[in-house]
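Fold and contact review
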Amino acid sequence: MSSEDAALEALAVLGDPVRRGLYRHVSGTPDEVGRDAAAEAAGISRSLAAFHLDKLVEAGLLEVSFRRLSGRSGPGAGRPAKLYRRAEGERAVSVPPRSYDTAGRLLAEVVERAGLDGELQAAARADGEAGGEASGDGTDPVEVLRARGFEPFWDAGTLRLNNCPFHALADQFPALVCGMNLAGIEGLLAGLKGGQGWTAEMDPLPRGCCVALRPADDEN
Amino acid sequence: MNDFHLAQVNVGRILAPLDSPQLADFVAQLPEINALADRAPGFVWRLVDDDGSDSTSLRPENDDDLLLINCSVWESVEALREYTYRSDHLKVLARRREWFERLADFHLALWWVPAGHRPTVTEAMARVALIRERGEGPEAFTLRAPHPPPSKAPTA
């Protein structure tokens, strides 16, 4: 099977709306998710959730680990719970075939070699600002970031982003791409009607996007 | 404990003297970023000058008063990577072009040292020269394509 066929088969598993909902819930949650919580989030029974979650694991979209949720160990601690999290691998399909990933990597390589970080950040900031202005009524930064695939979640008073939309490139060119990303988000906040007073800064966690946001004072 | 630790060196040419307004933000962040390294998991050692806080007064090339050197030792590639790219150090990295010239050639090198070894400026600069001369290899490499530590010497 070609890699395109493999990607299409994996993605076809997400064609089922229930499964898609479960996948989005698990991948948008920073911690691992148990069956009960996933079932509740999707509004379905535990056994149906278990069935679909395992289909997602078979397709390589989710990964499983076992852990005792009670925190106890040894005899009498109960069976470890089956927990799900997003699998690391990426799948991209375009119809007809396009190779923006290759183009992105080559462009990043050249920009990095030329030392054009500042120029890239200025372009990202302007692009973010224009995008923010164009969002019109969707002026809540949380929802705008969600729509852009960042998977925002609240961590006390800080808004963190569970997904890095530029993951592979950020991995290869961290300084360049993370700097671009921060500038893009700063631009977005500046352009958004609801973004006034919000601040964004680099605050990387072990996983996810390196940018964290703090809302305007009057929001929290 | 590993028999070998990972040494890293990078050199950077600042765009203006350290006491200039242009470098002020960089200089202001140095103590925080160095303290972050000192307590980072897997951190072993870093080069400091006679002041003992950082290496900004060292000049690895005599004729170049704007060339700074940074050299440190880590327990593993992963430890160095986490500090470099997944800590507040990334804040400084993302602004590197505000303070540092782009160097056309390799400006950093990684290599394995026996645990306990402390590289000297001369030794570190020799690794930069090596990677410039021969490209990436087991004796001098980068985080993009790390080489594994030498296999353990047979114990007597």
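Heads up: these notes are all about the structure in this document. (Residues numbered from 1 in each chain as written. Chains lettered and ligands numbered in written order. Predicted model: local features only at pLDDT ≥ 70, side-chain atom pairs only at ≥ 80, totals over all residues. Heavy atoms only, no water.)

Focus on unusual backbone geometry
Residue and element names in this part refer to chain A. Going from V95 to P96, the amide bond is cis rather than trans, its omega being -5°. Mapped onto the fold, P96 is located in the loop between β3 (81-86) and α5 (100-114). For E151, which is not glycine, the phi dihedral falls at a positive 55°. For E151, the location among the structural elements is in the loop between α7 (141-147) and β4 (152-155). Positive phi values are uncommon outside glycine, yet A156 reaches one of about 55°. Within the secondary structure layout, A156 lies in the loop between β4 and β5 (158-161). (Helix = DSSP H or I, 4+ residues; strand = E, 2+ residues; numbered from the N terminus.)

So, the environment of A:F166
Residue and element names in this part refer to chain A. Mapped onto the fold, F166 is located in the loop between β5 and α8 (167-172). We classify F166 as partly exposed; its relative accessible area is 31%. Between the alpha carbons of F166 and G104 there is a distance of 9.8 Å; along the sequence they are 62 residues apart. Filtering out sequence-adjacent residues up to four positions away, F166 remains in contact with V177, M180 and N181. (Buried < 20%, exposed > 50% of the residue type's maximum accessible area, 1.4 Å probe, protein only. Contact = heavy atoms within 4.5 Å.)

Re the nonpolar core
In this structure, A:L145, A:L161, A:I185, A:V211 and A:L213 are the most contacted members of the largest nonpolar core, which totals 34 residues. Elements supplying a minimum of two residues to this core: α5, α7, β5, α9 (174-191), β6 (199-202) and β7 (211-214) of chain A together with α3 (89-94) of chain B. Per-element accounting of this core gives the leading share, 10 residues, to α9(A). (Core = buried A, V, L, I, M, F, W, Y, C linked by side-chain atoms within 4.5 Å.)

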